[in-house]
Protein chains: 2
Amino acid sequence: MSSEAFKQEPTLTSMFQAIDRIDTQFPHGYNDLKAVVIGGGTGAPVSIRTLLSMGIQTSAVVAMADDGGSTGILRAEAKVTPPGDIRKCLAAFAENPDDPFTKAFKYRFEFARNHTLGNLMLSALEEATGSFPEAVKICGKLLGSKGRVYPSTLNNVVLNARTLDGRTLHGQATACKSETALDTVWLESAGQPMPYVEAIRAIYDADFIVLGPGSLFTSIIPNLLVPGIPEAIERSKAKTIFVCSLADQQGETWGLSAIEHVDALRRHGIGRNLDYVLIHSAEKIAPRPPLQDSFEAIAGSGALASAHQENREGKPLSANIRSVEVTYEDIQKIQQDGTVVLVRNMVDPQRPTWHYPPALARAFADVFRLNTPSSGA
Amino acid sequence: MSSEAFKQEPTLTSMFQAIDRIDTQFPHGYNDLKAVVIGGGTGAPVSIRTLLSMGIQTSAVVAMADDGGSTGILRAEAKVTPPGDIRKCLAAFAENPDDPFTKAFKYRFEFARNHTLGNLMLSALEEATGSFPEAVKICGKLLGSKGRVYPSTLNNVVLNARTLDGRTLHGQATACKSETALDTVWLESAGQPMPYVEAIRAIYDADFIVLGPGSLFTSIIPNLLVPGIPEAIERSKAKTIFVCSLADQQGETWGLSAIEHVDALRRHGIGRNLDYVLIHSAEKIAPRPPLQDSFEAIAGSGALASAHQENREGKPLSANIRSVEVTYEDIQKIQQDGTVVLVRNMVDPQRPTWHYPPALARAFADVFRLNTPSSGA
């Protein structure tokens with residue numbers, strides 16, 4: 001047996017470990033809460049596992065525009081519904097991450113065109129049942145899933161993007177590898193895509209809708225581009241929580257500040273019903289005294305500002321990972337529409353582009369407290 | 001969705017249909033019987049499903065020398081235990097052949113180097129658990145398996161063969177594509193291969209050991225080449241039943257008569273403890289009156305004899321499918337050692353190289369009756 005031939009999803013595996021350390025440090029009382037996570041395959045699992053660790057009834061609505069890697073091959077050659085993002089979210093709902101079937105579900109076969117077992121299972125079950133949601137349901141059952149995963153649409157959709165410097169990119173795999181920040185994304189499909197009805201129901205049933213974390217334009221927003229999804233968010237009784245990226249490792253949001261993340265969501269249909277925005281900051285955000293400006297320019301925080309300028313000019317992604325910028329003034333602006341901004345240090349000390357689940361859990365807990373009239377926070 | 005991209009094992013699928021038509025036409029009373037089928041991935045499932053349809057407690061001991069196709073890639077590139085034959089037998093034990101997971105388990109992905117989902121699952125689970133038998137157990141559970149499947153050995157073995165015309169062939173995939181009949185096969189491995197202990201136990205526990213049907217030298221005999229397996233068969237209280245091939249579609253037994261099949265088994269360690277041999281014949285076998293000889297030579301049955309001669313001379317396989325020859329005189333010879341030969345018409349009307357499960361079931365029933373003292377058949 002050659003372990004080299006089998007690769008676990010590295011992010012999912014270490015993420016699980018971080019989350020499983022949380023245990024149940026939270027007071028009981030969240031069990032009645034229902035949350036639905038809206039996102040894609042990379043960031044959504046962080047919210048899913050975090051919410052599950054807090055005892056919250058969780059489901060997920062997942063973007064269906066992925067066309068890269070194993071999923072891309074499956075879409076192109078087997079004409080199936082894209083399984084990749086669904087697979088990653090399903091794995092996050094698994095009862096026991098150490099269960100052999102759950103581990104195997106996440107294996108990637110380098111000797112078989114880099115497919116994962118989970119992708120192949122979803123596609124084979126889609127063929128066997130004639131229904132992608134049925135395939136998802138069966139895999140969920142085999143994983144002892146603690147919640148349901150719903151595709152946002154079953155239509156065959158392709159994501160297109162326009163960059164800030166005016167180029168058009170075709171396909172999600174291309175868009176998420178953009179070297180300059182994106183401005184707008186839209187779906188292309190044979191007809192008008194229809195929302196998957198169970199996804200709509202999950203949004204209506206939720207007490208909290210959690211957007212992200214994850215790639216803004218290629219994981220979160222593609223869900224909002226399915227007609228019916230933003231309307232359901234608008235009409236749902238749920239409070240919305242946007243978990244803003246804390247750093248950029250892809251080019252698609254290169255140089256965008258936190259308020260620009262929020263603006264992009266609003267521009268793509270989320271309207272003004274963002275109730276909470278969770279923003280990472282390693283330091284306390286305070287109003288900037290006028291005197292300090294010149295000091296900071298000398299001390300180097302101007303480098304950040306110049307990075308944010310770069311993307312405007314279509315300059316390509318540098319190799320550095322940059323934090324998403326947030327200022328006191330921007331927080332004030334985001335809150336003008338009634339949105340509450342919570343700034344927390346939420347970075348994973350080991351992985352500077354990832355949320356640290358225990359910290360994210362504390363931030364969620366703060367939101368839930370703010371929503372419980374009796375606690376009067 | 002493109003159904004072209006997903007292929008079911010064609011033989012397994014239609015085989016299931018034939019067997020599922022049997023239903024339970026047999027009187028109850030077989031439920032106390034235990035059978036173990038010894039073979040490979042193509043023929044053994046026919047016996048497995050037939051025995052299950054009769055209500056018999058069935059398990060299987062499966063050859064581990066396969067090195068072709070998807071299994072060959074997995075052995076060579078991922079260094080796993082060969083899953084192919086085990087997968088086919090597991091599928092034969094599945095509770096419900098129409099269950100979506102069972103269907104998916106058998107899918108073959110043309111877009112992923114022709115791997116089957118079942119093979120990839122077994123290999124990923126072997127990696128996840130660190131144990132091939134554990135992987136087999138988990139898949140059996142997921143399939144609602146009606147019986148256990150055991151590898152005959154866990155050692156990494158390679159099958160070598162010598163043909164009747166004196167050539168040496170390396171590997172099972174090569175041997176089973178031989179264009180001339182084989183004479184001898186043997187296993188090559190780093191050390192002495194050890195029998196898998198549960199396989200030995202199943203052989204001891206059985207009331208009936210069913211060898212075949214299936215490829216004689218590449219599916220049945222490789223099990224007997226594992227030291228300890230023939231000894232277990234010898235010492236088991238079980239009666240042995242050899243289901244002789246009824247026709248040849250591969251070259252490895254090209255031109256071999258039924259008695260030559262039996263001789264090959266004896267030559268490879270099965271000893272004289274063959275209790276029953278089931279031989280197919282479409283016509284009644286009677287002693288040949290001396291006068292008829294010259295008539296038959298004119299009428300054409302001599303063509304068969306000349307085919308049997310061909311393999312002796314190392315002539316290659318012709319495109320025709322030939323029945324395995326059986327004569328009255330050979331039956332007498334096989335029975336000299338106490339073996340009972342049952343000759344039945346057992347061919348599948350649609351597929352001239354396959355046993356028809358309902359006919360095989362009736363033949364098994366005859367054997368079981370012969371073994372029940374009270375019925376006094």
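See the structure printed just above.
The structure contained in this document is the topic of the report that follows. Note on numbering: residues in each chain are counted from 1, in written sequence order. Ligands are numbered from 1 and chains lettered from A, in the order in which they are written. Restriction of local features to residues with pLDDT of at least 70 applies here, the model being predicted, together with a cutoff of 80 or more for giving and counting side-chain atom pairs; totals for whole chains, interfaces and linings are based on all residues. As a rule here, side-chain values come from all non-hydrogen atoms in the structure, and water together with hydrogens is ignored.

Here we look at the overall build of chain A
Note the threshold: Helix and strand labels come from DSSP, where a helix needs a run of H or I of at least four residues and a strand needs a run of E of at least two; each type is numbered from the N terminus. Contact criterion: two residues are considered in contact whenever any of their non-hydrogen atoms come within 4.5 Å of each other. All accessible areas in this document rest on Shrake-Rupley with a 1.4 Å probe, and a residue is counted as covered only by the protein chains that are shown.
When helices and strands are tallied, chain A shows 16 helices and 17 strands. When contacts within chain A are restricted to residue pairs at least 6 apart in sequence, long-range pairs at least 24 apart make up 75% of them. For chain A, the accessible surface area stands at approximately 15,000 Å², while carbon and sulfur atoms represent 49% of it.

As for the interface of chain B and chain A
It is common to give the size of an interface as the accessible area that goes away when the parts come together. Under the convention used in this document: Take the accessible area each of two parts loses on contact, using a 1.4 Å probe, and add the two losses: that sum is the buried area. Every case where a carboxyl oxygen of Asp or Glu lies within 4 Å of a side-chain nitrogen of Lys or Arg is listed as a salt bridge. Only Asp, Glu, Lys and Arg are considered charged, only Ala, Val, Leu, Ile, Met, Phe, Trp, Tyr, Cys and Pro nonpolar, and every remaining residue, Gly among them, polar.
Taken together, the contact between chain B and chain A spans 33 residues of the former and 33 residues of the latter. Regarding the contact of chain B and chain A, the summed buried area is about 2,800 Å², with carbon and sulfur atoms giving 76% of it. If you look at where chain B meets chain A, you find zero salt bridges. Of all the secondary structure elements, the ones that give two or more residues to the side of chain B that touches chain A are α3 (69–78), α5 (100–105), α6 (117–129) and α7 (132–142) of chain B. Take the side of chain B that touches chain A: its biggest share by element is 10 residues, from α6(B). Broken down by class, the residue content of the side of chain B that touches chain A amounts to 22 nonpolar, five polar and six charged.

Some remarks on the sheet that holds strand β8 (residues 168–170) of chain A
Sheet strands pair by backbone hydrogen bonding; their relative direction is either parallel or antiparallel. Residue and element names in this part refer to chain A. For clarity, the cut-off: Note on pairing: DSSP must find at least two bridges between two strands before they are called paired. An axis is simply a line fitted to the C-alpha atoms; with a helix, the fit covers only the stretch in contact. Between two such axes, the angle follows the N-to-C directions and lies from 0 to 180 degrees.
The strand order β8-β7-β9 describes an open sheet built from three strands, whose pairing is antiparallel. The open sheet terminates on both sides in strands that have one partner only, identified here as β8 and β9 (182–189). Between one strand axis and the next, the sheet turns through 25 degrees on average, direction left out of account. Strand direction decides the pairing type here: strand β7 (residues 157–163) and β9, joined by seven bridges, are antiparallel. Within β9, the residue paired with R162 across the bridge is T184. Its contacts with the sheet put helix α10 (residues 216–224) on β7 and β9, and the angle it makes with β9 is roughly 50 degrees.

Quick notes on the relation of the copies chain B and chain A
Rules: A least-squares fit on C-alpha atoms brings the copies together, and the residues used are those whose pLDDT is at least 70 in both copies.
Rotating chain B by 180 degrees about the axis while translating it 0.0 Å along that axis superimposes it on chain A, leaving an RMSD of 0.0 Å. The symmetry that links the two subunits is that of a two-fold axis. Looking at the rotation axis and the C-alpha trace of chain B, the residue lying nearest is A112(B), at 2.7 Å. In this assembly the copies share their binding face: 100% of the residues contributing to the interface of chain B also contribute to that of chain A.

A word on the sheet that holds strand β5 (residues 115–116) of chain B
All names here are of chain B. Pairing within the open sheet is antiparallel, and its three strands lie in the order β1-β4-β5. Strands with a single pairing partner mark the edges of an open sheet, and in this sheet they are β1 (6–7) and β5. The pairing of β1 with strand β4 (residues 108–109) spans two bridges and is classified as antiparallel. In the strand pairing of β4, F6 is matched with F109.

Considering the side chain of T339(A)
Residue and element names in this part refer to chain A. Heads up, the rule is: N or O atoms within 3.5 Å of each other form a polar contact, as long as, within protein, one can give a hydrogen and the other can take it, and as long as residues adjacent in sequence are counted only when both atoms are side-chain atoms.
By the element assignment, T339 lies in the loop between α15 (328–335) and β15 (340–344). A polar contact is formed between the side chain of T339 and the side chain of R266, at a distance of 3.2 Å. At 2.6 Å, the side chain of T339 forms a polar contact with the backbone oxygen of L274. Beyond its immediate stretch of four places on either side in the chain, T339 contacts R266, R272, L274, D275, Y276, V277 and I334.

Looking at the packing of aromatic side chains
Worth spelling out the cut-off: Aromatic rings from Phe, Tyr and Trp, with only the six-membered ring used for Trp, were paired whenever their centres fell within 6.5 Å, and each pair was classed as stacked if the ring planes differed by under 30 degrees, edge-to-face if by over 60, and tilted otherwise. For every residue, the accessible area (1.4 Å probe, protein chains only) is compared with the maximum for its type, and the residue is labelled buried under 20%, exposed over 50%, or partly exposed between those bounds. A ring is considered to have a charge above it if a Lys NZ or an Arg CZ atom is located within 6 Å of its centre and within 35 degrees of its normal.
Taken as a whole and assessed by the stated rule, the structure comprises 12 aromatic pairs over all chains. Their ring planes at 65 degrees and their centres at 5.4 Å tell us that Y30(B) and F368(B) sit as a pair that is edge-to-face. With Y30(B) in the loop between α1 (10–20) and β2 (34–39) and F368(B) in helix α16 (residues 357–370), this residue pair connects regions lying 338 residues apart in the sequence. The same class applies to Y30(B) as to F368(B), namely buried. A centroid spacing of 6.3 Å and a plane angle of 40 degrees characterise the contact between Y150(B) and Y196(B), whose relative ring orientation is tilted. In this pair, Y150(B) is assigned in strand β6 (residues 149–151) and Y196(B) in the loop between β9 (182–189) and α9 (197–205), connecting sequence segments 46 residues apart. Note on accessibility: Y150(B) and Y196(B) belong to one class, buried. Following the ring pairs from residue to residue traces out a cluster consisting of Y30(A), F208(A), F364(A) and F368(A). Note that R351(A) overlies the ring of W354(A), its terminal NZ or CZ placed 4.8 Å from the centroid.

What about the nonpolar core?
Threshold: By convention a nonpolar core is built from buried Ala, Val, Leu, Ile, Met, Phe, Trp, Tyr and Cys residues, the set being connected through side-chain atoms within 4.5 Å.
Residues F368(A) and F368(B) are the most contacted members of the largest nonpolar core, which totals 128 residues. When near neighbours in sequence (up to four residues on either side) are disregarded, F368(A) contacts Y30(A), L33(A), L51(A), M54(A), I56(A), F208(A) and I241(A).

Looking at the pairing of β7(A)
All names here are of chain A. Counting buried positions over the seven residues of β7 gives five, a clear majority of the element. Note that β7 and β8 share three bridges and pair antiparallel. Considered in β8, the bridge of R162 is made with T168. Counted along the chain from β7 to the antiparallel partner β8, the turn is four residues long, and its residue G166 has a positive phi close to 90 degrees.

Examining unusual backbone geometry
In this chain, G212(A) is followed by P213(A) through a cis amide linkage whose omega measures 5 degrees. With respect to the helices and strands, the residue P213(A) is situated in the loop between β10 (208–211) and α10. Positive phi outside glycine occurs at K79(B), with the angle close to 55 degrees. For K79(B), the position within the fold is in the loop between α3 and α4 (84–93). With a relative accessible area of 47%, K79(B) lands in the partly exposed category. Even without being glycine, N114(B) reaches a positive phi, approximately 65 degrees. Mapped onto the elements, N114(B) comes out in the loop between β4 and β5. Here N114(B) falls in the partly exposed class, since its relative accessible area comes to 35%.

Digging into the side chain of N160(A)
Residue and element names in this part refer to chain A. Its location among the elements puts N160 in strand β7. Since its relative accessible area comes to 6%, N160 is described here as buried. Within the structure, the side chain of N160 is placed 2.7 Å from the side chain of H170, a separation counted as a polar contact. Beyond its immediate chain neighbours, meaning those up to four positions away, N160 contacts L169, H170, G171, T184, V185, W186 and E188.

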